[in-house]
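# A structural walkthrough
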Amino acid sequence: MQKNTKKTNFKKGFSLIELMIVIVILGLLAAMVMPSLTGKGAEAKRDLVCVQMKSIYDGALDMYKIKNDLYPSTEDGLKALTQNDSYFKDGKMPKDSWGREFIYINDEGKVELISLGADKKEGGKDEGEDIKLSECDKK
């Protein structure tokens with residue numbers, strides 16, 4: 001007795017229709033997710049600026065005050081933290097998310113740090129709004 005064995009060759013893989021369905025599904029998912037992600041980059045930069053300012057205030061400025069009994073004057077500014085005994089690991093003052101130096105104001109012991117925001121100008125709205133240390137916890 002002889003068995004009739006027929007050997008069939010099937011190629012394993014995806015058909016064009018299956019690939020098109022996957023591409024359409026990925027496109028729909030991207031269309032749903034993208035609107036919620038837009039604007040998050042600017043928000044993340046603002047949050048990072050607040051973290052940096054808090055770090056400067058709670059770290060370097062407090063250490064300076066412990067050593068010198070007062071915060072640097074407005075005239076001396078944050079540069080006082082990088083001269084002689086640097087209060088930063090690499091000896092450089094951190095910059096805001098847009099590469100600018102922070103503005104430092106000492107009003108009779110009340111310290112304020114300010115970043116000019118994305119527009120790099122005083123004032124501004126939305127992404128260009130100034131970021132102040134005193135307002136970081138309020139938002």
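Model, not experiment: these values are computed from the prediction.

Conventions and cut-offs
Residues numbered from 1 in each chain as written. Predicted model: local features only at pLDDT ≥ 70, side-chain atom pairs only at ≥ 80, totals over all residues. Heavy atoms only, no water. Pairing = 2+ DSSP bridges. Helix = DSSP H or I, 4+ residues; strand = E, 2+ residues; numbered from the N terminus. Contact = heavy atoms within 4.5 Å. Axes fitted to C-alpha atoms, helices over the stretch in contact; angles between N-to-C directions. pLDDT = per-residue confidence, 0-100. Core = buried A, V, L, I, M, F, W, Y, C linked by side-chain atoms within 4.5 Å. Buried < 20%, exposed > 50% of the residue type's maximum accessible area, 1.4 Å probe, protein only.

### Digging into the sheet that holds strand E1 (residues 103-107)
- In spatial order, the strands read E1-E2-E3; together these three strands make up an open sheet with antiparallel pairing. Sheet topology places E1 and strand E3 (131-132) at the edges, where each strand pairs with a single neighbour.
- With five bridges joining them, E1 and strand E2 (residues 110-115) adopt antiparallel strand pairing. The residue of E2 that forms the bridge with Ile105 is Glu112.
- Its contacts with the sheet put helix H2 (residues 40-68) on E1, E2 and E3, and the angle it makes with E2 is roughly 150°.

### So, the confidence of the model for the chain
- For the chain, per-residue confidence averages 84 on the pLDDT scale, and residues scoring 70 or more make up 88% of the total.
- When mean pLDDT is taken per element in the chain, E1 scores highest with 95 and helix H1 (residues 16-37) scores lowest with 82.

### Description of the nonpolar core
- In terms of nonpolar packing, the biggest core is built from 21 residues, with Met53, Ile56, Leu61, Leu78, Leu81 and Leu113 touching the most fellow members.
- Looking at this core, the elements that each hand over two or more residues are H2 and E2.
- Looking at this core, the element that brings in the most residues is H2, giving seven residues.
- In contact with Leu61, other than residues within four places in its own chain, are Ile56, Tyr71, Pro72, Leu78, Leu81, Tyr104, Val111 and Leu113.

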